[in-house]
Amino acid sequence: MSMTFGIVITPRSGADWARGAAAAEQQGYRTLLLPDTRFTPSPFPALAAAAAVTTTIRLRPNVLAAPLRTPAATVRETAALQLLSDGRFELGIGSGRPDAADEARWLGASWGSPAQRRAHLVAAIAAVRAEVNPAPPVVVAANGPRMLATAAEFADRILLAAGPAATEAELAELVCIAREGTDRALRFTHQVVGIGQRLPDWTATKLGLTAEALADAGAAGMLPADPSAAAAILERRRDKYGIDEVIVPGELAADFAPILAYFADHDS
C-alpha cells in the first residue's frame, strides 16, 4: 500500500490558480483539492479550470456540503467535471460543517437535521453512481459515530474530519468506529496541520493556535520537519490504521516538499 498526497489550494486569480494547479502536478501531488465554502470560489468551475491546464493530477472538492445542492445538481456538475477532466474527478462530499447552516440560508437551501443531512448525502452519492459514467471515487468526510457509520457503508475513502488538535489515539478511535459493523476494506485520509514550527496563517490567526501548543498536545497533524522522521510516522499510520492519503495545506507546500521528495525517492 503506497502513500498518496493531495494539496489544498485556494485561487487568488485565474493565472495564479492555473500556475498552482500545474505546479502541484509537477511536484508529484496526486490530487488537487479545493474547499466548498461561501468564502472560497465555487469548486466545480475552479476545478474545471484546473483540468484544462493539467493532465494527470486528480481533482476533488474538499468537501462538498451535500445539503447545499440537490442530488440532481451534484450529478450534473460531477458529470461535467468527469467529462472535462477525462475522468480525473473525485467526489469529496460530506453532510456539512456545523457553521454551514448560515451558508445554506444564504443560498436558499434547506439545511435540515443531522439525520436529514445524512440522508441527503446518501441520496447524492447514489445518484452520482447511478447517473455519471464513469462514476468517480467517493470520499466522505466524517467525524461522529453516525457519520462514520454512513461513510463506512457508502464511501470509497473516508476523510477523518478530526480537529487540528486531535491526537493519534483519537484518529485511531475514529478508524475503529468506522470499521465496526462492516467487512469492507476501508481507506482513510488525514490532513496535515503543521510542519516543524510552521502553521498555515488561517490556523494561527483565526483559530489562535501555535505550533508549540499543538505539538505539546500531541496533535497528529503536526509533522516533524525532518523528512525521514515524518515519513516514519506516516508509514506507521498507513500500516496500522490504513491512513494512506495525506492532504497538505498549500501554504505548507515548501515545507512539505522534502517529505514528498523522500517518498518519491523511496517508492521508486
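These figures come from a predicted structure and were not determined experimentally.

**Q** Please give an account of the environment of Asp36 that cites residues and values.
**A** By the secondary structure assignment, Asp36 is in the loop between strand 2 (31–34) and helix 2 (43–52). For Asp36, the contacting residues outside a window of four places in its chain are Pro43, Asn62, Val63, Leu64, Ala65, Leu68, Arg69, Arg97 and Glu103. Of note is the side chain of Asp36, whose polar atom sits 3.0 Å from the backbone nitrogen of Ala65. Side chain to side chain, Asp36 and Arg69 meet in a polar contact 2.8 Å long.

**Q** Go over the pairing of strand 8 (residues 188–191), please, and point to the residues and values.
**A** As paired strands, strand 7 (residues 157–160) and strand 8 are joined by 2 bridges and run parallel to one another. Looking at strand 8, one finds that Ile158 is bridged to Phe188. In this region the chain leaves strand 7, passes through helix 7 (residues 168–179) and returns to the parallel neighbour strand 8; the handedness of that crossover is right-handed. Pairing of strand 8 with strand 11 (residues 243–249), which is carried by 4 bridges, proceeds in the parallel orientation. From the neighbouring strand, Gln191 faces strand 11, where its bridge partner is Ile247.

What counts, and at which threshold
- Residues numbered from 1 in each chain as written.
- Predicted model: local features only at pLDDT ≥ 70, side-chain atom pairs only at ≥ 80, totals over all residues.
- Heavy atoms only, no water.
- Helix = DSSP H or I, 4+ residues; strand = E, 2+ residues; numbered from the N terminus.
- Contact = heavy atoms within 4.5 Å.
- Polar contact = N/O pair within 3.5 Å; in protein donor to acceptor, adjacent residues only side chain to side chain.
- Pairing = 2+ DSSP bridges.
- Right-handed = clockwise from strand over helix to strand, strands pointing away.

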